[in-house]
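Structural overview for review
The primary structure of each chain is shown beneath.
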Amino acid sequence: MTRRPLPPPPRFLALAACAALLWAGAGCAARTANPWHGRPTLSADTTRDELVRHINEQAARTAGWQCRTLTVEMPGAPSDASGLIAVEYPRRLRLKAKAMMIPVADVGSNSDRVWCWVNPKLGGPGPETLTCRHASFDAVRCAAERNGGVQIPFDPDWLMEVLGVVPLDPRAVSLQKAPDGGPIWHLVSHRTDASGRRVLRVIDVDREHGQILAHELRDAATGAPLARAELQDHRRCPGADVVLPHTIILSWPAAGLSGMTLRLKEIEVNPRNLPEDLWALPGGQRVRHLDNGGLITAAADVR
């Protein structure tokens, strides 16, 4: 029997899922003009390993966080969405959003799978929660691009690195310092996706303080930008002794979306006793498995 091609998620849903997964901040203190207090922590002689160690030390102090006052602003949208978001190392994520008191989306990730539900009255494809295993995500994304032209140019593992909860591997990146002594350094790495495409990843880092200012994915062959997250409004978090961004500007040029802004406030760093069901598929909807020919089951059947 010929296996049916994987059904591509609709364009709106793909963008909503990626947007929801792309950032959860951690923070804290009131905004300050200079969260680093003007004290450089790096020198011009800093090596790649020293820079990555500095970044990873900050990530190690923020194993997880939750924010119940997330706001999402999208160009052209009639109103902003608001909701809650929680993240926990290494792959746990949950976001629920609503607009004008109407549920908009429920997106999550646990150690095994990623899922997304978007209200069908607001552009979602139907009543089911869409899901696939982490191990299958790259193949599902490539099938979506082949069969329907849907652009999902990144995977959940990359997204969790953007969140700051997954440490960088110094052996996988190279350090490019500004030749003119400029303020931005770049950590650069490559990967090959399931379609054979080479993807270039660039992380912009403040050379004085070692703070990540942006993440970007590019097509390595053409240099065309695929996705970018600009990190702004950095604030110091006294309880965890870290500085983290509270405004994130997201762009997906390959998908025709730019200027989505996430704003975070009243965030709890390293929250304790988060319920286990926070990381489980939502109840109340059936589940469509994108990595199993679109098979539909009840949420309780998913393991």
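The structure reproduced in this document is the subject of the present report. (Residues numbered from 1 in each chain as written. Predicted model: local features only at pLDDT ≥ 70, side-chain atom pairs only at ≥ 80, totals over all residues. Heavy atoms only, no water.)

1. Observations concerning the overall build of the protein
Inclusion rule: Only DSSP runs of H or I reaching four residues or more are called helices, and only runs of E reaching two or more are called strands; each is numbered from the N terminus. Only protein chains enter the accessibility calculation, which uses a 1.4 Å probe; a residue whose area is less than 20% of its type maximum is buried, one above 50% is exposed, and one in between is partly exposed. Two residues qualify as a contact provided that any one of their heavy atoms is within 4.5 Å of a heavy atom in the partner residue.
Counting secondary structure elements, the protein contains four helices and 16 strands. Looking at the protein as a whole, 50% of its 303 residues are labelled buried. Looking at the protein alone, contacts between residues at least 24 apart form 54% of all its contacts between residues at least 6 apart.

2. Observations regarding the environment of Ile249
Topologically, Ile249 is positioned in strand β12 (residues 242-252). Note: C-alpha distance between Ile249 and Glu230 (19 residues apart in sequence) is 5.1 Å. Apart from residues no more than four positions distant in its own chain, Ile249 is found in contact with Arg228, Ala229, Glu230, Gln232, Gly259, Met260 and Thr261.

3. Comments concerning the packing of aromatic side chains
How two aromatic rings sit relative to each other is given by the distance of their centres and the angle of their planes. How we decide: For Phe, Tyr and Trp, where Trp contributes only its six-membered ring, two rings pair if their centres lie within 6.5 Å, and the inter-plane angle classes them as stacked under 30 degrees, edge-to-face over 60, or tilted in between. Placement of a positive charge over a ring is assigned whenever Lys NZ or Arg CZ falls within 6 Å of the ring centre and within 35 degrees of the normal to the ring plane.
This model, assessed by the stated rule, comprises zero aromatic pairs. One Lys or Arg, Lys177, reaches over the ring of Trp185 and ends 4.8 Å from the middle of that ring.

4. A few points about helix α4 (residues 156-163)
Burial runs high along α4: six of the eight residues are buried. Downstream of α4 by one or two residues, Gly164 has phi in the positive range, about 90 degrees.

5. A few points about helix α2 (residues 48-60)
Operational definition: To estimate how far a helix should extend, the number of its residues minus one is multiplied by 1.5 Å.
If you check α2, its first and last C-alpha atoms are 18 Å apart, about what 13 residues at 1.5 Å a residue would give, namely 18 Å. At its buried positions, α2 is contacted by β7 (174-176), β8 (184-192), β9 (198-206), β10 (212-219) and β12.

6. Re the layout of surface pockets
Applicable threshold: Using protein atoms alone on a 1 Å grid, points that fit a 1.4 Å probe yet trap it form a cavity, whereas open point sets bounded by protein on both sides within 12 Å along at least five of seven lines form a pocket; residues with an atom within 4 Å of a point count as lining. Grid points are joined across faces, edges and corners, and a volume is the space filled by probe spheres set on the points.
The space that makes up the second largest pocket amounts to roughly 460 Å³. Going through the elements one at a time, α2, α4, β10, β11 (225-237) and β12 are the ones with two or more residues in the lining of the second largest pocket. Per-element tally for the lining of the second largest pocket: the top contributor is α2, with six residues.

Honestly, it's all geometry; don't read function into it.
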